[in-house]
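# Coordinate analysis (summary)
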Amino acid sequence: MDSVVVVGAGPQGLAAAAHLLERGLNPLVLEAGTGPASGVAEWGHVRLFSPWTELTDAASCRLLEPTGWVAPIQGYPTGAQWIEQYLAPLAETLGDRIRYGARVVGVGRKGRDLSVDAGRAEQPFVVHVERADGSEERIEARAVIDASGTWRTPSPAGADGLSALGERAAVEAGLLDYRMPAIEEASALAGQHVVVVGNGHSAATTIGILSRVAKREPGTRITWVLRRGAVGNTFGGGSADELPERGALGQRAKKAVEDGLVGLVTGFRTEQVAHEDGRAVLIAEDGRRLEPAARVFVATGFRPDLSFLSEIRLDLDVRLQAPSRIAAEVNPNLHSCGSVRATGAADLEQPEPGFFIVGAKSYGRAPTFLALTGFEQVRSVVAAIAGDREAAERVDLVLPDTGVCGGSGLFDAPDEQSAAESCCAPAPQLIQLGMAPAAR
């Protein structure tokens, strides 16, 4: 009961454990996968746009240094390098404080369901766990930090937030995927038609990988599908982005469109994924159909898994499913002028005392989370759990500006109107787009 349970052994979960140890507290990290950062491992081939200096947590580094570990300081690692050179050594140092193959299926208060007030805060948390062998366990904890992330709950292709008709069948048939492809997988699609659905960094990364193949194999056709009626901030902030590699990511995708390697289709809201001769056909709500595709990559973002928190009292924004106090900061519907403030325990605490959501999950469905945001979150949250309110209330981080102004723009407006509606509206920019494969 003296343990603080951390859900997830990803970058923020491991950092939380390091901070808890440094505070003299007893962390227990529960990880559903077979190793540390199992979600990161699934996109290990992708290079991060954050540099090494923004991918390591201070308490974690202090824990590692006595082992002879030296912090990488130069370059931009891939996900696999992030694990190999930092996350795996950190997990090894934490040792048996991490339990793998331990899936959290429920969190509640001992002897109190969601509706009971009496004596609730005095009761320990109970964390229900399913082990890999099918056995079950109930663990008591003084506090719970949910760092489970959002990687395994991708948003579907369907424009209404639900799976499109035929979408699940397309996944089972190997025609539709929610992962960014490795270059080897993309190369296997040379000479064929490929569709990318989504607007964001994952979509731009996927476009970049596929366009490399299209340069080598001119018969390769790529269609980039946007739900919104305007290009908006699809290409990011460019040189105004304070993370240069993030800005460059969007600019490379923009060039691929301008060079005709990628066709852009806007205002396409997928209603159905049909099958024709072993290929996928996307059909929009307005009846438009894309030509059959050998593969569809869906990069429409992620959402938090709240299924195991049904007995925890939560205060979440109705749009983003993020803690209400930070929702306005990260809401892509609202103007932000590219800057997002760092968040701490006061923003993340819930009506259930001692329960915190941190990491990517704390942003709900918003797409702008950075690793260093999570490191600051866990520093503050652990300070709060330890009773150090001064440290919990202090914010030690200023986040880099994206260089994007005006949020995501109006959903259905042309580019010129969307820009005009922004309170810091830049001059409209004309973009020459490549021709998309026919939508009929």
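Anything mentioned here points back to the structure above.
From a predicted model like this one, the values you see are computed outputs, not experimental measurements.

## Section: the overall build of the chain
For the chain, the helix and strand inventory stands at 13 helices and 15 strands. Split into buried and exposed, the 440 residues of the chain put 52% on the buried side. The contacts of the chain with a sequence gap of at least 6 include a subset with a gap of at least 24, amounting to 71%. Total accessible area on the chain is roughly 19,000 Å²; 49% of this is exposed by carbon and sulfur atoms.

## Topic: the side chain of R109
Tracing the backbone through its elements, the reader meets R109 in strand 4 (residues 102–109). At 2.5 Å, the side chain of R109 forms a polar contact with the backbone oxygen of P353. Among residues more than four places away in sequence, those in contact with R109 are R120, A121, Q123, P124, F125, V126, E352 and P353.

## Comments concerning helix 7 (residues 201–216)
Along its 16 residues, helix 7 runs 23 Å from first to last C-alpha, staying within 8% of the 22 Å computed at 1.5 Å per residue. Considered for burial, the residues of helix 7 that qualify are A203, A204, T205, T206, I207, I209, L210, S211, V213 and A214.

## Observations regarding the packing of helix 1 (residues 11–22) against helix 11 (residues 371–385)
Two numbers describe how helix 1 lies on helix 11: the axes approach to 9 Å, and their chain directions differ by 30°. The chirality of how helix 1 crosses helix 11 is right-handed. Residues P11, Q12, A15, A16, H19 and L20 of helix 1 pack against A371, G374, F375, V378, R379 and V382 of helix 11. When grouped by side-chain class, the residues that make up the contact of helix 1 with helix 11 number eight nonpolar, three polar and one charged.

## Things to note about the sheet that holds strand 14 (residues 295–298)
Strand order in the open sheet formed by five strands is 8-14-9-10-11, with parallel pairing between adjacent strands. Edge positions in the sheet fall to strand 8 (176–177) and strand 11 (262–265), since each has one partner strand and no second. With four bridges joining them, strand 10 (residues 221–225) and strand 11 adopt parallel strand pairing. Counted as the bridge partner of T223 is G263 from strand 11. In the packing of helix 7 onto the sheet, the strands contacted are strand 9 (193–197), strand 10, strand 11 and strand 14, and the crossing angle to strand 10 comes to about 165°.

## Considerations on the nonpolar core
Counting residues in each nonpolar core, the largest one holds 56 residues, and the members touching the most others are W82, Y86 and I145. Setting aside chain neighbours within four positions, we find Y86 in contact with W52, L55, T56, D57, S60, L64, W69, Q81 and F375.

## As for the packing of aromatic side chains
By convention here, two paired aromatic rings are described through the distance between centres and the angle between planes. This structure, assessed with the given rule, holds five aromatic pairs. Summarising the aromatic geometry, the rings of W69 and Y86 are spaced 6.0 Å apart at their centres and angled 40° between planes, so their arrangement reads as tilted. Of the two residues, W69 is situated in the loop between helix 3 (58–64) and helix 4 (79–94) and Y86 in helix 4; the sequence distance between them amounts to 17 residues. Stacked on the ring of F125, the Lys or Arg R109 has its end atom at 3.9 Å from the ring centre.

## Observations concerning the pairing of strand 4
Across the eight residues of strand 4, six count as buried, placing the element largely inside the fold. Where strand 4 meets strand 5 (residues 125–131), seven bridges bridge the pair, whose relative direction is antiparallel. Note that in strand 5 the partner of A102 across the bridge is R131.

## Looking at the pattern of salt bridges
What the rule picks out here adds up to 19 salt bridges. Residue E42 pairs with R152 through a salt bridge whose shortest N-O separation is 2.8 Å. Of this pair, E42 sits in the loop between helix 2 (38–41) and helix 3 while R152 sits in the loop between strand 7 (143–146) and helix 5 (167–172), and the two are 110 residues apart along the sequence.

## Quick notes on the sheet that holds strand 7
Strands sit in the order 3-2-1-7-15 across an open sheet of five strands; the sheet is parallel. Only two strands of the sheet have a single partner each, and these edge strands are strand 3 (98–99) and strand 15 (355–357). Note: strand 7 against strand 15, three bridges, orientation parallel. Considered in strand 15, the bridge of I145 is made with F356. The strands touched by helix 1 are strand 1 (3–7), strand 2 (26–30), strand 3 and strand 7; relative to strand 2, the strand with the most contacts, the crossing angle is about 165°.

## A look at the environment of L306
On the secondary structure map, L306 appears in the loop between strand 14 and helix 9 (324–330). A C-alpha to C-alpha distance of 9.7 Å links L306 and G106, two positions 200 residues apart in sequence. When neighbours within four sequence positions are excluded, L306 is seen to be in contact with L316, Q321 and K361.

Here is what the cut-offs are and how they apply
Residues numbered from 1 in each chain as written. Predicted model: local features only at pLDDT ≥ 70, side-chain atom pairs only at ≥ 80, totals over all residues. Heavy atoms only, no water. Helix = DSSP H or I, 4+ residues; strand = E, 2+ residues; numbered from the N terminus. Buried < 20%, exposed > 50% of the residue type's maximum accessible area, 1.4 Å probe, protein only. Contact = heavy atoms within 4.5 Å. Areas by Shrake-Rupley, 256 points an atom, 1.4 Å probe, with all protein chains shown as cover. Polar contact = N/O pair within 3.5 Å; in protein donor to acceptor, adjacent residues only side chain to side chain. Expected span 1.5 Å × (residues − 1). Axes fitted to C-alpha atoms, helices over the stretch in contact; angles between N-to-C directions. Left-handed = near helix turned anticlockwise from the far one by under 90°. Nonpolar A, V, L, I, M, F, W, Y, C, P; charged D, E, K, R; others polar. Pairing = 2+ DSSP bridges. Core = buried A, V, L, I, M, F, W, Y, C linked by side-chain atoms within 4.5 Å. Phe/Tyr/Trp six-rings, centres within 6.5 Å; stacked < 30°, edge-to-face > 60°. Lys NZ or Arg CZ within 6 Å of the ring centre and 35° of its normal. Salt bridge = Lys/Arg side-chain N within 4 Å of Asp/Glu carboxyl O.

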